[in-house]
Amino acid sequence: MKRLLFLLPLFAFVVLAGYLALGLTKDPHVLPSVLIDQEVPPFDLPPIRGREAGFRRDDLPGQVSLVNIFGSWCVACRIEHPFLMRIKEEGRVPLHGIDWREESPEAGPAWLARFGDPYTLIGDDPRSVAAIAFGVTGAPETFVVDKRGFIRYKHIGPLTPEAWERTIGPMIEELRRQ
Amino acid sequence: MRRLAALVLLLLAWAMPAAAVDPGEMLADPALEARARDISKDLRCLVCQNQSIDDSDAQLARDLRVLVRQRLAAGSTNEEVVDYVVSRYGDFVLLKPPFKLSTYALWIGPAVIFAGGLLAVFAFYRRRAGLSEAAPVPLSAEESRRLERLLDGDGRA
């Protein structure tokens, strides 16, 4: 009994060290989304220049879709763009865009004219209204939305073929069956 | 002289407390503006992470400050505004973590460790004091006889 008491500080140290070590393995820039499995928050964005329709929450229910936050100023968005075009060309899933924080109303449309427009619906969000509603911290971020209009997954950073194979593709299949 | 004045002004501007709020975003009502500043000081900038949105020049921090002001102007209470931001970004957005199940260790942990240390030190000294101050146990009859023999004998016990 006495010996056990003697080992107590060592035990406490091991537990604490393990706990802290676990913390060190986490990337502090990856924030878990609190919106997973919640309904997409209400938003109603005007169209970008050159388009008729804007983009709002009520457009989402009915089918599984992706919502992608991008901006012409965003370097990583440039990297993911070819893959978004592939999603569009192969008709894998409806992809909607939130054109975030453009400095001028021309910037977003010009970017899409130059690199291609993969989006079914696009909303213009210069003041981060929808971005904050979605809890976005940076671009690009992509949300998987189910048939009921609930957020099921958030992908941070460029959408890549690897992320599609591993997580997003199978998830969309699964959500379509539900 | 003009140059000196300009320099003084520049230094003054430099010495101003770091707040990123620019006059354009401020509310006309000073009471509401003060509440907005209060809220902003406790909300974390999600881009720079260790600054409040009140201090940060990041675009997202600016947009959050504007959102806070819009909600206050629309009649929300301070709690409602903070709750809205937390509902989007989680507790992480609060610079001061809330007191709840997942953060008990954070809040109580240091006090528990301190109390444990205090207890250990206390126990250590009490034991040491006990060792030095304890009255010697009187010799038993057998021990006394042995001592007698040792003292007056030839040393062979």
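Thresholds, definitions, all that
Residues numbered from 1 in each chain as written. Chains lettered and ligands numbered in written order. Predicted model: local features only at pLDDT ≥ 70, side-chain atom pairs only at ≥ 80, totals over all residues. Heavy atoms only, no water. Axes fitted to C-alpha atoms, helices over the stretch in contact; angles between N-to-C directions. Helix = DSSP H or I, 4+ residues; strand = E, 2+ residues; numbered from the N terminus. Parallel < 35°, antiparallel > 145°, perpendicular 65-115°, else oblique. Left-handed = near helix turned anticlockwise from the far one by under 90°. Contact = heavy atoms within 4.5 Å. Nonpolar A, V, L, I, M, F, W, Y, C, P; charged D, E, K, R; others polar. Buried < 20%, exposed > 50% of the residue type's maximum accessible area, 1.4 Å probe, protein only. Pairing = 2+ DSSP bridges. Polar contact = N/O pair within 3.5 Å; in protein donor to acceptor, adjacent residues only side chain to side chain. pLDDT = per-residue confidence, 0-100. Core = buried A, V, L, I, M, F, W, Y, C linked by side-chain atoms within 4.5 Å. Expected span 1.5 Å × (residues − 1).

## Quick word on the packing of helix α3 (residues 59-73) of chain B against helix α4 (residues 78-89) of chain B
Residues and elements named next belong to chain B. Where α3 contacts α4, the axes come no closer than 9 Å and their chain directions differ by 140 degrees. With respect to α4, the element α3 is oriented oblique. Note that α3 runs across α4; the crossing there is right-handed. From α3, Leu60, Leu64, Leu67, Val68, Arg71 and Leu72 reach across to α4, where they touch Asn78, Val81, Tyr84, Val85 and Tyr89. Class assignment for the residues of the contact of α3 with α4 results in nine nonpolar, one polar and one charged.

## Here we look at the pairing of strand β7 (residues 141-145) of chain A
Residues and elements named next belong to chain A. In terms of burial, β7 is largely enclosed, as five of its five residues are buried. Of the two faces of β7, the one holding Glu141, Phe143 and Val145 and the one holding Thr142 and Val144 are both buried throughout. Sheet analysis places strand β4 (residues 65-70) next to β7, joined by five bridges and oriented antiparallel. Each residue of the ladder has a partner; that of Ser65, found in β7, is Val145. Adjacent in sequence and paired antiparallel, β7 and strand β8 (residues 150-156) are bridged by four residues, among which Gly149 carries a positive phi angle near 90 degrees.

## Details of the interface of chain A and chain B
Counting residues at the interface gives 19 residues for chain A, matched by 17 residues for chain B. The interface formed by chain A and chain B contains three residue pairs in polar contact (both at pLDDT 80 or more). Among the elements that line the side of chain A that touches chain B, the one with the most residues is helix α4 (residues 129-133) of chain A, at three residues. Broken down by class, the residue content of the side of chain A that touches chain B amounts to 11 nonpolar, four polar and four charged.

## Description of the confidence of the model for chain B
Overall, the predicted model of chain B reaches an average pLDDT of 85, with 85% of residues at or above 70. Reported confidence for the predicted complex is 0.81 by ipTM and 0.75 by pTM.

## Some remarks on the packing of helix α2 (residues 30-42) of chain B against α3 of chain B
Residue and element names in this part refer to chain B. Packing of α2 against α3 leaves a shortest axis separation of 10 Å and a crossing angle of 135 degrees. One element, α2, and the other, α3, form an angle in the oblique class. When the axes of α2 and α3 are compared, the crossing they make is right-handed. Between α2 and α3, the residues in contact are Leu32, Glu33, Arg35, Ala36, Arg37, Ile39 and Ser40 and Arg65, Val68, Arg69, Leu72 and Ala73, respectively. Residue classes in the contact of α2 with α3 are distributed as six nonpolar, one polar and five charged.

## Focus: the nonpolar core
Within the largest apolar cluster, 63 residues are counted, with the highest numbers of intra-cluster contacts made by Leu66 and Phe134 of chain A. No other element matches α3 of chain B, which puts six residues into this core.

## So, the environment of His81 of chain A
Here His81 of chain A lies in helix α2 (residues 75-89). Taking the C-alpha atoms as reference, His81 of chain A lies 25 Å from Phe150 of chain A; in sequence the two are 69 residues apart.

## Quick look at α3 of chain B
Compared with the 21 Å implied by 1.5 Å per residue over 15 residues, the 21 Å span of α3 of chain B between its first and last C-alpha is a close match. Among the residues of α3 of chain B, those classed as buried are Leu60, Ala61, Asp63, Leu64, Arg65, Val66, Leu67, Val68, Arg69 and Leu72 of chain B. Here the buried face of α3 of chain B lies against β5 (95-100) and α4 of chain A together with α2 and α4 of chain B. Following α3 of chain B by one or two positions, Gly75 of chain B adopts a phi angle in the positive range, close to 105 degrees.

## Here we look at unusual backbone geometry
Residue and element names in this part refer to chain A. Here the amide bond leading from Ala139 into Pro140 is cis, since omega sits at -5 degrees, within 30 degrees of zero. Position of Pro140 relative to the elements: it lies in the loop between α4 and β7. Even without glycine at this site, Asp37 takes up a positive phi of about 65 degrees. The residue Asp37 is located in the loop between α1 (2-24) and β1 (38-39) in this model. The backbone phi angle of Ser128 is positive, close to 65 degrees, even though this residue is not glycine. Along the chain, Ser128 turns up in the loop between β6 (122-125) and α4. Note on Ser128: relative accessible area 0%, which makes it buried.

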